[in-house]
Amino acid sequence: MRRYGLFFECIVRDDERGLLFRDGRFERLLEPGRHRILDPGSKHSAEIIKVVRAELAAERALLFEKTQPALAEKHLAIVQTSATEVAIVSFDGEPRHVCLPNTTRAFWKTLTQVDVEIIDTAAEMRIAKKHVDKLDIPRVPVAMAATVEAHEAGLLMVDGESKGRLPPGRHAFWQVGRTVKVQKIDLRPQPLEVTAQEILTKDRIGIRVTLTAFYRIIDPEKAALASGDVPGTLYRLIQFAIREAVATRSLDDILAARDTIDTEVRKFVAERAGELGAEVKEIGVKDVILPGDVREPT
């Protein structure tokens, strides 16, 4: 832009438009090209704006909508969302923006095809697959996504309440007026090593016992609601069961009846594991460490 003599001149490129003002008031939109305007009182000014895949400040767009409705209708896509709505704005068929609830945004449609999809998140909590594949979900403040693997159960939790199980795959949800989480539970058999703990036998001899167990989750919903730590709960149950089994036997009985102890511990834990949504497949005494004064000499 420049002034010389009685003229004001500006150049607008192909990907731009000019906003021409006279005494601070909008006068007209300048198309691409060189514009020479008679301006003896130096009353004119211009603002050059990029219009390809570009956004205009919402306040200015709303002002144009009221004062220049024909210009706004032709050149602007004004998006306004309610408290439960989000809008997905696509440029030339490619999703580019997510407008959050209770917001107003405006985009130039002069040289760009602007498509707006308004979504009522109160009615549609799940994000459609066509949007999941194209949106950068982690960068959308009101969305969350989770991938459930083939060996997992995915539990959909809305405001802390279970809403059912999700199949393997990628899932995404709108978090508008709600908190959405996907709790993933591994369904594969899991080992559980119960480390050596010192226990007094019936004849008051302190021994240390190590056990190995294998369990798996068979009821994910029950496991999620019954305990926040299924492995930890099973660990403590096994500790209690082996302590009870050892405390009622003499050392000689323990050494002679390890299989019986395994069976007792497994039965005790298996009956209670079901309440946790788990199944105990195996429990076995791995090591019985004797006090030094009763070990056989090497």
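Residues numbered from 1 in each chain as written. Predicted model: local features only at pLDDT ≥ 70, side-chain atom pairs only at ≥ 80, totals over all residues. Heavy atoms only, no water.

Novice: Just to check I follow, could you spell out unusual backbone geometry for this structure?
Specialist: Excluding glycine, residues mostly carry a negative phi; peptide bonds, for their part, are mostly trans. Non-glycine residue Arg53 carries a positive phi angle of around 50 degrees. With respect to the helices and strands, the residue Arg53 is situated in the loop between strand 6 (44-50) and strand 7 (55-56). A positive phi angle, close to 55 degrees, is found at Asn102, a residue other than glycine. Tracing the backbone shows Asn102 in the loop between strand 10 (94-99) and strand 11 (104-108). (Helix = DSSP H or I, 4+ residues; strand = E, 2+ residues; numbered from the N terminus.)

Novice: Help me understand the pattern of salt bridges, please; the structure alone is not making it clear to me.
Specialist: All chains considered together, the criterion is met by 22 salt bridges. Of the charged contacts, one joins Asp39 and Arg3 as a salt bridge, the two residues approaching to 2.5 Å between their closest N and O atoms. Note that Asp39 is positioned in the loop between strand 5 (33-38) and strand 6 and Arg3 in strand 1 (residues 2-4), a separation of 36 residues in sequence. The exposure class assigned to Asp39 is buried, which follows from its relative accessible area of 3%. Look at Arg3 and you get partly exposed, because its relative accessible area is 40%. Three or more residues joined by partner-sharing salt bridges are found here, namely Arg2, Glu9, Arg34 and Arg36. (Salt bridge = Lys/Arg side-chain N within 4 Å of Asp/Glu carboxyl O. Buried < 20%, exposed > 50% of the residue type's maximum accessible area, 1.4 Å probe, protein only.)

Novice: Mind showing me how you'd approach the packing of aromatic side chains here?
Specialist: Ring pairs (aromatic) are described by centroid distance and by the angle formed between their planes. This model, assessed by the stated rule, comprises 4 aromatic pairs. Judged by centre distance (6.0 Å) and plane angle (75 degrees), the rings of Phe21 and Phe26 are edge-to-face. For the pair shown, Phe21 and Phe26 are each scored as buried. Pairing Phe26 with Phe64 gives two aromatic rings, centres 5.0 Å apart and planes at 65 degrees, and the pair type is edge-to-face. With Phe26 in strand 4 (residues 25-30) and Phe64 in helix 1 (residues 58-67), this residue pair connects regions lying 38 residues apart in the sequence. Each member of the pair, Phe26 as well as Phe64, is classed as buried. A connected cluster of aromatic rings, assembled from ring pairs, spans Phe21, Phe26 and Phe64. (Phe/Tyr/Trp six-rings, centres within 6.5 Å; stacked < 30°, edge-to-face > 60°.)

Novice: Mind showing me how you'd approach the environment of Leu111 here?
Specialist: Of note, Leu111 is situated in the loop between strand 11 and strand 12 (114-120). Residues Leu111 and Asp92, 19 residues apart in the sequence, show an inter-C-alpha distance of 9.7 Å. Not counting residues up to four positions away in its chain, the partners in contact with Leu111 are Asp14, Asp15, Arg17, Val51 and Val52. (Contact = heavy atoms within 4.5 Å.)

Novice: In this structure, what is going on with the environment of Arg178? I would like to understand it.
Specialist: Summarising the element assignment, Arg178 is placed in the loop between strand 16 (169-174) and strand 17 (180-186). Contact partners of Arg178, with chain neighbours within four places excluded, come to Thr121, Ala122, Met125, Val158 and Asp159. Side-chain polar atoms of Arg178 contact the backbone oxygen of Thr121, separated by 3.0 Å. (Polar contact = N/O pair within 3.5 Å; in protein donor to acceptor, adjacent residues only side chain to side chain.)

Novice: Looking at this model, I keep getting lost on the nonpolar core. Mind explaining?
Specialist: Grouped burial of nonpolar side chains is what soluble globular proteins tend to show. Ranked by internal contacts, the top residues of the largest apolar core, which has 35 residues, are Leu211, Leu234, Ile238, Ile242, Val265 and Val269. When near neighbours in sequence (up to four residues on either side) are disregarded, Val269 contacts Leu234, Leu237, Ile238, Ala241, Val280 and Ile283. The next biggest cluster of nonpolar side chains, apart from the first, holds 15 residues, and it includes Phe26, Ala54, Phe64 and Ala72. (Core = buried A, V, L, I, M, F, W, Y, C linked by side-chain atoms within 4.5 Å.)

Novice: Hey, could you run me through the packing of helix 5 (residues 230-247) against helix 7 (residues 258-273) in this one?
Specialist: Any two packed helices are characterised by the angle at which their axes cross and by the distance between the axes. With their axes 9 Å apart at the nearest point, helix 5 and helix 7 run at an angle of 140 degrees to one another. One way to sum up the angle between helix 5 and helix 7 is to call them oblique. Helix-helix and strand crossings are classified by hand; for helix 5 and helix 7 the assignment is right-handed. Contacts from Leu234, Leu237, Ile238, Phe240, Ala241, Ile242 and Ala245 of helix 5 reach helix 7 at Ile261, Glu264, Val265, Phe268, Val269, Arg272 and Ala273. Per-class residue counts for the contact of helix 5 with helix 7 are 12 nonpolar, no polar and 2 charged. (Axes fitted to C-alpha atoms, helices over the stretch in contact; angles between N-to-C directions. Parallel < 35°, antiparallel > 145°, perpendicular 65-115°, else oblique. Left-handed = near helix turned anticlockwise from the far one by under 90°. Nonpolar A, V, L, I, M, F, W, Y, C, P; charged D, E, K, R; others polar.)

Novice: Where do I start with the sheet that holds strand 9 (residues 85-91) in this structure?
Specialist: Backbone-to-backbone hydrogen bonds pair the strands of a sheet. The strands run either parallel or antiparallel. Taken together, 3 strands build an open sheet; the order of strands is 10-9-12 and the sheet is antiparallel. Because the sheet does not close on itself, it has two edges, and the strands there are strand 10 and strand 12. Strand-to-strand twist in this sheet, taken as the mean axis angle between neighbours without regard to direction, amounts to 25 degrees. Bridge analysis of strand 9 against strand 12 gives 7 bridges, and the strand direction is antiparallel. Across the sheet, the residue bridging to Ser90 is Asp115, located in strand 12. (Pairing = 2+ DSSP bridges.)

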